[in-house]
Amino acid sequence: MLVTPEALARRRSAAGRFWTDETLLDHLARVVAATPDKIAVVANRSETGECRRISYGELDAMASSVAGGLAARGVGRGDVVSFQLPNWWEFTVLHLACLKLGAVSNPLMVIFRERELAFMLGLAETKVLVVPARFRGFDYPAMVADVRDKLPKLSHVFVAGGEGAEAFGRLLEGPSLPPQPRLAADAVIQLLYTSGTTGEPKGVMHTSNTMLSNLGPFAARLHLGAGDVIHMPSPMAHQLGFMYGLVLPVMLGATAVLQDIFVAAEMARQITGEGCTFTMGATPFLNDLTEHVAASGQGTPSLKIFVSAGAPIPRALVTKGRATLGAAIISAWGMSENGAVTTTRPEDPEEATTTTDGLALPGMEVRVIDANGAPVPAGEEGQLQVRGCSNFVGYLRRPELDPKDPDGWFDTGDLARMDVAGYIRIAGRSKDIIIRGGENIPVVEVEGLLFRHPAVAAVAIVGTPDPRLGERACAFIVLREGQSLTFEEMAAYLAEQKMARQYIPERLEIVTDLPRTPSGKIQKFKLREAVRGA
């Protein structure tokens, strides 16, 4: 998929020994040979109450059948198969089927509608699309029908839960898959559109080498293995859910428990009922599960690790989560372009866990630089860059957007600080920076303090133009039920916390919710648009 041999050679040089030239199919084959009857996937459908359990032997056979069905319909190496599905078992089967064919998996978020779908499928030149018959009351086949005339490359649409010739079940009835050449570990296997915190989606391309080189060190650091039960509430159409809810369990030979609609009470029930030991999600998942367990007493005793990624975690939430859930709370930072890059460790002292986003995984490097490209001293804020084994191999058909320098450093767009031990703390997006009267406002620190206020359920701070100071800060706050907060109370609270007066937001907006990406990241560009249009 438009990745040049020269680009791959440069990536291989940077990746070193972490590229093993294996694919997920190699791991699957080993697990099937050793434990074919072990449960691979427990898939829950919230709207029907169905719970399907699939063994590794069954999973392998189903993937081969679907691969045969796709091949019979003209899908081959390098062709794109898009699937706009919740966390259902069909999702896992489709990705494995694509690997068996050498096709490219293109997961799409279920929230996408006609405008996004037409753009993304058109750019990918998708050959086959799989959608639900209905999910959360929405008619997906009708939406596809409205855009299909704009997609001349789209040959087939299959419907999970549908009937007739386009039912997904028809793919399971496909002929035997003809013998296939071994899938190259440098072949593009995933096309994933960025989730849009900046409003401009880009098609991130990954190979088996870039993806698996992340998961091995990740599992080793967190002491994960075949005996773990991995719960995934985050959408698998997002990189977090895909890599750590689909690929990681198969790589380990572990069991995956999939939640298709996030409800904290249901998450707690699934963790307890299935004996889940590991879960991962953005801050809202951790916050809501912690609040539910604290309020209901419905514990999660089997849970050992909760990795929270996607946005900086307020220190107070890490402390409360650890005490309430009885699990290690692991802070992590990463992107669609490279998976998790930094994490804290289960054995780290609480200070590291609650005040940093971790240190780089083996195979990855991080650095913090100034505007001239020079490393900044420890503890000072600058632009975060990364390079190493799990960096993606490019953006689909948009090489001009690839922000890597000749030495392989990827410009993340994040601001960060790094301490002398190599632990980083994300300070915000470079576009989120607020410069008031020539002084940078530490946005993440102010948000963290406000989150600790008993009335505050969620908070985001953005800049608003000011003719004299350049910018002023506006705090958008979601209140806890039954609570209130005035501007004067907010300012007094921050002053009590010994915050510099010039850092206190000069405007307060109380809102019922904050706009987020499906992975939980706050879309601050929408808040900036709202405050500037007010």
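These numbers were taken from a predicted model, which means no experiment stands behind them.

Caption draft 1: Broad picture of the packing of helix α3 (residues 56–72) against helix α4 (residues 89–101). The contact between α3 and α4 brings their axes to 8 Å, and the two run at 65°. For the pair α3 and α4, the sense of crossing is right-handed. The residues of α4 that touch α3, namely those facing Leu59, Asp60, Met62, Ala63, Ser64, Val66, Ala67, Leu70 and Ala71, are Trp89, Thr92, Val93, Leu94, Leu96, Ala97, Lys100 and Leu101. A breakdown of the residues in the contact of α3 with α4 according to their chemical character gives 13 nonpolar, two polar and two charged.

Caption draft 2: Structural context of the packing of helix α2 (residues 24–34) against α3. Between α2 and α3, whose axes approach to 9 Å, the crossing angle comes to 135°. One finds that α2 runs oblique with respect to α3. Here the hand of the crossing between α2 and α3 comes out left-handed. Every residue of α3 that contacts α2 at Leu28, Val31 and Val32 is listed here: Tyr56, Gly57 and Asp60. Residue composition of the contact of α2 with α3, grouped by class: four nonpolar, one polar and one charged.

Caption draft 3: Region of interest: unusual backbone geometry. Look at Glu125: it is not a glycine, yet its phi comes out positive at around 55°. Within the secondary structure, Glu125 sits in the loop between α5 (114–124) and β5 (128–132). Take Glu125: its relative accessible area is 39%, and that puts it in the partly exposed class. Even without being a glycine, Arg136 presents a positive backbone phi close to 55°. Along the chain, Arg136 falls in the loop between β6 (134–135) and β7 (138–139).

Caption draft 4: Representation of empty space enclosed by the protein. Tallying each qualifying case throughout the model produces five cavities of 30 Å³ or more. If you trace the second largest cavity, you find 14 residues lining it, with Glu381, Leu415, Ala427, Ile441 and Val443 closest to the centre. When residues of the lining of the second largest cavity are traced back to their parent elements, those giving at least two are β21 (410–418), β22 (424–429) and α14 (443–451). Of the residues belonging to the lining of the second largest cavity, the class tally is seven nonpolar, one polar and six charged.

Caption draft 5: Examining helix α10 (residues 264–274) more closely. For α10, every residue scored as buried is listed here: Ala264, Met267, Ala268, Gln270 and Ile271. The arc enclosing the buried residues of α10, seen along the axis, measures out at 165°, which places them on a common side. Among the structural elements, β1 (39–45), β11 (229–232), β12 (255–259), β13 (278–281), α11 (283–296) and β14 (305–308) are those in contact with the buried residues of α10.

Caption draft 6: The pattern of salt bridges, seen in detail. Using the criterion set out here, one finds 21 salt bridges in the structure. Ionic pairing is found between Lys127 and Asp79, a salt bridge with its closest N-O pair at 3.4 Å. Remark: Asp79 occurs in the loop between α3 and β3 (80–83) and Lys127 occurs in the loop between α5 and β5; sequence separation between them is 48 residues. Across the pair Arg480 and Glu291 runs a salt bridge, and its minimum N-O distance is 3.3 Å. Within this pair, whereas Arg480 is found in the loop between β26 (470–479) and α15 (487–496), its partner Glu291 is found in helix α11, the two being separated by 189 residues in sequence. Judged by its relative accessible area of 25%, Glu291 is partly exposed.

Caption draft 7: Examining the state of the cysteines more closely. All chains considered together, the criterion is met by zero disulfides. Of all cysteine sulfurs in the structure, the one in Cys51 sits closest to Cys276, which takes part in no disulfide; the separation is 11 Å. The buried category is assigned to Cys276, whose relative accessible area is 0%.

Caption draft 8: Just the side chain of His231, in detail. As for its position among the elements, His231 is in strand β11. A polar contact of 3.0 Å, which involves the side chain of His231, links it to the side chain of Gln270. Not counting residues up to four positions away in its chain, the partners in contact with His231 are Val257, Gln259, Met267, Gln270, Ile271, Cys276, Phe278, Thr279 and Met280.

Scoring rules and cut-offs
Residues numbered from 1 in each chain as written. Predicted model: local features only at pLDDT ≥ 70, side-chain atom pairs only at ≥ 80, totals over all residues. Heavy atoms only, no water. Axes fitted to C-alpha atoms, helices over the stretch in contact; angles between N-to-C directions. Helix = DSSP H or I, 4+ residues; strand = E, 2+ residues; numbered from the N terminus. Left-handed = near helix turned anticlockwise from the far one by under 90°. Contact = heavy atoms within 4.5 Å. Nonpolar A, V, L, I, M, F, W, Y, C, P; charged D, E, K, R; others polar. Parallel < 35°, antiparallel > 145°, perpendicular 65-115°, else oblique. Buried < 20%, exposed > 50% of the residue type's maximum accessible area, 1.4 Å probe, protein only. 1 Å grid on protein atoms, 1.4 Å probe; cavity = no way out; pocket = protein on both sides within 12 Å on 5 of 7 lines; lining within 4 Å. Points joined across faces, edges and corners; volume = space filled by probe spheres on them. Arc of directions from axis to C-beta. Salt bridge = Lys/Arg side-chain N within 4 Å of Asp/Glu carboxyl O. Disulfide = S-S within 2.5 Å. Polar contact = N/O pair within 3.5 Å; in protein donor to acceptor, adjacent residues only side chain to side chain.

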